[in-house]
Amino acid sequence: RIQLNFWKLHQLLKSDGLWLFADFYIHKTGVQLWQKILLHSMLLFFRKVSSVEAKTLVPMAPFFQQSEYQALSKYWEFEKFIKGIVYQKSNSESPS
């Protein structure tokens, strides 16, 4: 389902448009226990109170790469638990 939602937003964004992507991020190495606990708690909470289906974080970088977005800026916060990336859509309108 995430692929469908990404594609819908991609279609709505104009060529050269900017997409601010923000998400939680768990590093494969050096992850802190509090990050795992907090993420698990948030996912559980949102599955119970809304229609969030995710049980883990979905790697989104491949979607942006396949659609030829360029990362213009990256920002990390909260001991690299939250990341923000500004992507720019390419001039190419052809689907990947």
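This one's a predicted model, so the numbers in the text were calculated from it and none came from an experiment. (Residues numbered from 1 in each chain as written. Predicted model: local features only at pLDDT ≥ 70, side-chain atom pairs only at ≥ 80, totals over all residues. Heavy atoms only, no water.)

A. Representation of a nonpolar patch on the surface. Together, F45, F46, V49 and V52 make up a nonpolar patch on the protein surface, roughly 360 Å² of accessible area in all. Assignment of secondary structure puts V52 in the loop between helix 2 (33-49) and helix 3 (61-66). (Patch = residues over 30% accessible without salt bridge, like charges linked within 9 Å, V, L, I, M, F, W, Y side chains within 5 Å. Areas by Shrake-Rupley, 256 points an atom, 1.4 Å probe, with all protein chains shown as cover. Salt bridge = Lys/Arg side-chain N within 4 Å of Asp/Glu carboxyl O. Helix = DSSP H or I, 4+ residues; strand = E, 2+ residues; numbered from the N terminus.)

B. Just the packing of aromatic side chains, in detail. One pass over the structure, following the stated rule, counts 16 aromatic pairs. Here the aromatic rings of F6 and W19 are separated by 5.0 Å at their centres, their planes lie at 20°, and the arrangement is stacked. Here F6 is found in helix 1 (residues 2-12), whereas its partner W19 is found in strand 1 (residues 18-24), with 13 residues between them in sequence. Of the residues examined, W19 reaches a relative accessible area of 14% and is grouped as buried. When the ring of F24 is compared with that of F81, the centres are 5.1 Å apart and the planes differ by 40°; the resulting orientation is tilted. Of the two residues, F24 is situated in strand 1 and F81 in the loop between strand 2 (70-77) and strand 3 (82-88); the sequence distance between them amounts to 57 residues. Classification of F81 by relative accessible area gives buried; the value is 1%. (Phe/Tyr/Trp six-rings, centres within 6.5 Å; stacked < 30°, edge-to-face > 60°. Buried < 20%, exposed > 50% of the residue type's maximum accessible area, 1.4 Å probe, protein only.)

C. Layout of the side chain of K83. Mapping K83 onto the fold places it in strand 3. It is D23 that comes nearest to the buried, bridge-free K83 among opposite-charge side chains, at 6.5 Å. Excluding residues that lie within four positions of it along the chain, K83 makes contacts with F21, A22, D23, Y25, Y75 and W76. (Lys, Arg positive; Asp, Glu negative; His and termini not counted. Contact = heavy atoms within 4.5 Å.)

D. Local environment of helix 2. In a regular helix each residue adds 1.5 Å, so 17 residues correspond to 24 Å; helix 2 covers 25 Å between its end C-alpha atoms and thus fits that length. Of all the residues in helix 2, the buried ones are Q35, L39 and L43. For helix 2, the angular spread of buried residues about the axis comes to 60°, placing them on one side. Turned more than 90 degrees away from the buried face of helix 2 sit L33, H40, K48 and V49, all of them exposed. (Expected span 1.5 Å × (residues − 1). Arc of directions from axis to C-beta.)

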